Protein chains: 4
Amino acid sequence: MNMPSSDEAAPRAAAYPTFLVTISCPDRIGVVADTARFLVENGCNIVESAQYGDPDSGRFFLRTAFESQQGAGLDALRAAFEPIAVKYAMDAAFYDQGVKMPALLLVSKLGHCLNDLLYRWRAGALPIDIKGVISNHLDFKHFVETSYGLPFTYIPIEKATKAADMQRLGEAMEGSGAELFVLARYMQVLTPALCDRFSGRVINIHHSFLPSFMGARPYQRAHERGVKLIGATAHYVTSDLDEGPIIEQSVERVRHNQTTSDYVAVGRDVEAVVLARAVKWHAERRILMNGHRTVVF
Amino acid sequence: MNMPSSDEAAPRAAAYPTFLVTISCPDRIGVVADTARFLVENGCNIVESAQYGDPDSGRFFLRTAFESQQGAGLDALRAAFEPIAVKYAMDAAFYDQGVKMPALLLVSKLGHCLNDLLYRWRAGALPIDIKGVISNHLDFKHFVETSYGLPFTYIPIEKATKAADMQRLGEAMEGSGAELFVLARYMQVLTPALCDRFSGRVINIHHSFLPSFMGARPYQRAHERGVKLIGATAHYVTSDLDEGPIIEQSVERVRHNQTTSDYVAVGRDVEAVVLARAVKWHAERRILMNGHRTVVF
Amino acid sequence: MNMPSSDEAAPRAAAYPTFLVTISCPDRIGVVADTARFLVENGCNIVESAQYGDPDSGRFFLRTAFESQQGAGLDALRAAFEPIAVKYAMDAAFYDQGVKMPALLLVSKLGHCLNDLLYRWRAGALPIDIKGVISNHLDFKHFVETSYGLPFTYIPIEKATKAADMQRLGEAMEGSGAELFVLARYMQVLTPALCDRFSGRVINIHHSFLPSFMGARPYQRAHERGVKLIGATAHYVTSDLDEGPIIEQSVERVRHNQTTSDYVAVGRDVEAVVLARAVKWHAERRILMNGHRTVVF
Amino acid sequence: MNMPSSDEAAPRAAAYPTFLVTISCPDRIGVVADTARFLVENGCNIVESAQYGDPDSGRFFLRTAFESQQGAGLDALRAAFEPIAVKYAMDAAFYDQGVKMPALLLVSKLGHCLNDLLYRWRAGALPIDIKGVISNHLDFKHFVETSYGLPFTYIPIEKATKAADMQRLGEAMEGSGAELFVLARYMQVLTPALCDRFSGRVINIHHSFLPSFMGARPYQRAHERGVKLIGATAHYVTSDLDEGPIIEQSVERVRHNQTTSDYVAVGRDVEAVVLARAVKWHAERRILMNGHRTVVF
């Protein structure tokens, strides 16, 4: 541990355990009332809450953080809530906000997102528990192990042996115990089998403002097209390349006198910030799926 | 009526009347549950809801939009809610979203915010009912009357007769029946008496990123200081000049080769957009006061 | 004339006539030196200058504003510069900055860009001389004629008679004496013949961040895709729909709880600002063509 | 050396040495022409050039990058240019773009700017040659030495011995051979003597949008004031605290439900990006002083 996490404003310590419930269900009268009443009856005070009813899909979404002030534990709450979940056909999940989400980072040869995520994690700015780094190159082995003391796993992906390599990758992902996998400029396309196996758990950063410039070399194509803003997009990985649900996007201005190489440099900052936001929100359970779109609370 | 309000995407018509309740009270267990239960029991379905508990002030804020699906009217709901409001020491208010907020615009010699607000209003983009325009100059009389068919009231403010002039202004404001008063680059400082009389109902646009450059000639002072971004701030008017609660702010980039006059031109766009947002949010009852700060739902 | 153009910071009056030269040529040693020497020898002082050499295309671009301090007129300068222009195979053009570019606005049923451009023009913020407005609808006839005293030409475009209608449109454009044509949400696709005839002189505003969502209903498609930013693009019109050289772009953030209709409202502000910038820069001769890309000085 | 600097788009190798000249002088006819002619006569081709004449101060500023295609060296050019520099009373300076600016980083207990600058430097994104890190704390000693192999100098600053400590700091700065000193969240105020000694060579990052919230605890005061955007400002250090010439600024949006601690987290990203830009531009000699304001080419 070689980088301090000191900061000028420490968050106040919680007096009670803070839990979280996320709900997705058909929109019906009573969902909020029954949920709120349930929390009151179990001695829980709402700290933060957000909700959304989609008039198009007819789905309702809720994310509520609460303090359990009278000792009710997570398992007990989960069990006690079951009848309400059934009544409204809810996808409901309870979480302990004190438990960090185990995560694994994947990287190839560009390290800006990796460096950014590791620094934030060490500084306490990301509620994740990084289990290690996997790469198809050895470039960052020393950095990851020495500066951050994390396990580094080298899994080369070769054209001739791609199927087997990807199988090995999938096993390493599974074996890591991670819930979240972050493709921090990991330049290999996951097989459909892996996309399905870890569906909703793999976040990728694409270096363009999707749906512009899907696929390879987006900065070069942006340069050729003469766009005035370049961007980055964090999205969930699906078997449709660069078509997965979008979590976050941002852009930065470029000028006519900048080269593709300048675009790459400008893009680095956007990519790192966009990916870090997506990882943070996912780990805070702020993202719910609404068909192919995301609700970000 | 000489400008059409056509638009490419019409909002869907509501099947039921849509009402709104805003609540501000000490943060206690049960507020959300009791409010949600009340709505269910009165046949109301929540359409949109936002809440916030301020750990510093210990205040809780809620804004909930709902459809009254079983015919309960606004007055009945208001009366029926009274016991809950009392129980939690709430400031609670019920509104009909179908009723537009009556508003009055005040302007001096710079018309970009006036033009912008009038256009948005005519295009149906602002839920206000503009009662007229007051100015201490005659510049926009013809424009307001001819292009928009609105009453224009000329109330000059002279140094020698300022007290009486302001008195007259206050009477005109009162007499207009407006609930909201928008200082759209109105270049006179309201008297403390007027500030108090219309407290929380007067929105001003200041042409700087407050608290930078309070007072006069902010663009010139921004130019002298060599800032790289200029901005605008919409805030409620209080008797402390440019110190009122901030509603919205935005900035735009400037360069070393731009003159104060360029700043003014760039600033026009920022001012108009920031003021329009503030007016829209206020009219939609999205802004609640938290001491000297605003909660913007 | 019913809207005053008063402003708080008046630009200083020029003591001498201010001219402009724009140059595009193969990049060679001596271009800048010979041009600068020419200006000195003709008693001209450079006020503002920008240049760019594109390493990819090998083209060099220059825009220089200068004061003619010893009485040399535009025609004399143009003629005297001819040998230098020939020597370097330049596309060179001289302009008088005191002469506003004649322009024509085209609009259909959405008036926010029209209203914005007319207001800026009246306020003196656009160096154009608006000759009139053409529309395929009558919605804005009264507004244009009454509020701004401009000629309004109604040219309906019908499916059955489109060829003839477009021919008539082309004649009206030609006959207006305008150099610049602004499609301010004009919802008809110009024929390839018109695109070629007025090549480099027609600016369109597309309501998406191109190349995303080319073609129809971009806000609806942006909503379906779940993007987190929506944008607008001002570009020159070519016969390849939405593929013309991009002049300016901007974006605004949207959230999951906003409808397509909200996107339209947010987009209005972006469209108006982006189009106004493009028109201003074009009229100031700040835009030079570099193949399919623009240089914006 | 433990982090690779690979990148997807390598800048093209220059065929000739690339030099730079920056000029600041009274604005007079002939400056550009004589400078451009000088370059031609010495076999130099302009690669990039920017200029600005300030109508207020009457000063003219120029930055020109050029390739020396016929072998003229930097010293020879400098000497040959002397008569022109004298003729126009220029502050003129010639630089070799191949030589990186030696720099020293100073940090206290918050490491996000340090980490960001070190990563960019290692990735080849900053044209500086980092000589080492000085800190009044030991927190980052291990990180700096192990991850980046740089010298770390610990110079505590105590209240009782501040004068002597600052003297020692000045000697360490001088002894480092650095031309640029970057206060990367260095939380000690330099003495006026040090400010003068290294005038124009010390860049600080202030964690507010100056001139708002000068002095201590800007995020807390921003929170109390209820601003809607927070920002960061990179500026040259002078003996007037937080009043030095501004180099770059940026802002980020905050909401009512964010705590001061959230502001700190959001601010970290803005600070790092703003400081990195300022350092890059300074090292590229893009910043010229215009009285108390900066020209940023």
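See the structure printed just above.
Bear in mind that the values here come from a model prediction, so they are computed numbers and not experimental data.

A. Broad picture of the overall build of chain A. From N to C terminus, chain A includes eight helices and 13 strands. In terms of C-alpha radius of gyration, chain A reaches 21 Å, essentially the compact-globule figure of 19 Å for 297 residues. Here the C-alpha coordinates of chain A stretch approximately 60 × 45 × 45 Å along the principal axes. Counting only residues that meet the buried cut, chain A has 60% of its 297 residues in that class. Across chain A, the fraction of contacts at a sequence separation of at least 24, relative to all contacts at a separation of at least 6, is 68%. When the accessible surface of chain A is totalled, it reaches about 11300 Å², and 52% of it is carbon and sulfur. One way to put it: in chain A the 31 positive side-chain charges average out to a point 4 Å from where the 33 negative ones average out.

B. Inspection of helix H5 (residues 162–175) of chain D at higher detail. Over its 14 residues, H5(D) runs 19 Å from end to end, which matches the ideal 20 Å to within 8%, given 1.5 Å per residue. Of the residues trailing H5(D), Gly177(D) is marked for its positive phi of about 75°.

C. The interface of chain B and chain D, seen in detail. Taken together, the contacts link 36 residues of chain B with 36 residues of chain D. Here chain B packs against chain D, burying approximately 3000 Å² in sum over the two surfaces, 52% of which is carbon and sulfur. On the chain B side of the contact with chain D, Arg225(B), His256(B) and Arg293(B) bury the most area, a combined 26% of that side's loss. When the shortest N-O distance is used, the salt bridge between Glu248(B) and Arg253(D) registers 2.9 Å. Taken together, the connections running from chain B to chain D amount to 23 residue pairs in polar contact (both at pLDDT 80 or more). For the side of chain B that touches chain D, the secondary structure elements donating two or more residues are helix H7 (218–225), strand S11 (246–253), helix H8 (260–283) and strand S13 (293–296) of chain B.

D. Just the relation of the copies chain C and chain D, in detail. With an RMSD of 0.0 Å, the fit of chain C onto chain D corresponds to turning through 180° and sliding 0.0 Å along the axis. Taken together, the rotation and translation relating the two chain copies correspond to the operation of a two-fold axis. The residues that chain C uses at the interface reappear at the interface of chain D in 100% of cases, marking a shared surface.

Calculation notes
- Residues numbered from 1 in each chain as written.
- Chains lettered and ligands numbered in written order.
- Predicted model: local features only at pLDDT ≥ 70, side-chain atom pairs only at ≥ 80, totals over all residues.
- Heavy atoms only, no water.
- Helix = DSSP H or I, 4+ residues; strand = E, 2+ residues; numbered from the N terminus.
- Rg over C-alpha atoms; globule rule 2.2 N^0.38 Å.
- Buried < 20%, exposed > 50% of the residue type's maximum accessible area, 1.4 Å probe, protein only.
- Contact = heavy atoms within 4.5 Å.
- Areas by Shrake-Rupley, 256 points an atom, 1.4 Å probe, with all protein chains shown as cover.
- Lys, Arg positive; Asp, Glu negative; His and termini not counted.
- Charge placed at Lys NZ, Arg CZ, Asp CG, Glu CD.
- Expected span 1.5 Å × (residues − 1).
- Buried area = accessible area lost by both parts, 1.4 Å probe.
- Salt bridge = Lys/Arg side-chain N within 4 Å of Asp/Glu carboxyl O.
- Polar contact = N/O pair within 3.5 Å; in protein donor to acceptor, adjacent residues only side chain to side chain.
- Least-squares fit on C-alpha atoms with pLDDT ≥ 70 in both.

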